[in-house]
Amino acid sequence: MNVLYNEYSAILTFFAVAFLISLIILILSYILNPQQSDQEKVSAYECGFNPFDDARATFDVRFYLVAILFLIFDLEVSFLFPWSLVLGQLPSFGFWSMVAFLAILTLGFIYEWKKGALEWE
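Residues numbered from 1 in each chain as written. Predicted model: local features only at pLDDT ≥ 70, side-chain atom pairs only at ≥ 80, totals over all residues. Heavy atoms only, no water.

The protein chain has the name NADH-ubiquinone oxidoreductase chain 3 in an unreviewed UniProt entry, where Pyropia yezoensis is given as its organism. Note on the protein chain: under the UniProt heading Catalytic activity (unreviewed entry), the record states "a ubiquinone + NADH + 5 H(+)(in) = a ubiquinol + NAD(+) + 4 H(+)(out)". What UniProt states about the protein chain under its Sequence similarities (unreviewed entry) heading is, verbatim, "Belongs to the complex I subunit 3 family." (UniProt positions renumbered as here; feature names shortened; annotations may be inferred.)

Structure (structure tokens):
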């Protein structure tokens, strides 16, 4: 157990020092910089013009849906890349488990397509 603490003590020290430096910088920014707000600082900025509309307008849900779909398929690539590097060293179980993973993702993609989640209008 002592070996485990010795190996991770450098990481714990790094996190502690990083936390302390962040805390010191945060406290110094409040001490050294006067916190004065005026009308110009709190107003919405829109490319140098006065805002035409409310800055807090709601977004369409489809934007969030596209973002979530992008994240899902982007994570798929992060699983595929290391798998492709060690494919020659894996037994057949490693190959077929990835085929099952890709089949599930393909079925999910087909389901989204049939439900119309990818249609913009």
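Moving on from the coordinates now.
Enquirer: What is the right way to look at the packing of aromatic side chains in this model?
Expert: The geometry of an aromatic ring pair is captured by two quantities: the separation of the ring centres and the angle between the planes. Enumeration over the complete set of coordinates arrives at six aromatic pairs. Where F14 meets F15, the ring centres are 5.9 Å apart and the plane angle is 55°; that geometry is what we call tilted. Residues W83 and F95 carry aromatic rings whose centres are separated by 6.4 Å and whose planes lie at 25° to one another, so their mutual orientation is stacked. Taken together, the positions of W83 in helix α3 (residues 61–85) and F95 in helix α4 (residues 92–115) put the pair twelve residues apart, joining distant regions of the chain. On the basis of relative accessible area, F95 is assigned to the partly exposed category, the value being 33%. Grouping aromatic residues by their ring pairs yields a cluster made of F73, F109 and W113. (Phe/Tyr/Trp six-rings, centres within 6.5 Å; stacked < 30°, edge-to-face > 60°. Helix = DSSP H or I, 4+ residues; strand = E, 2+ residues; numbered from the N terminus. Buried < 20%, exposed > 50% of the residue type's maximum accessible area, 1.4 Å probe, protein only.)

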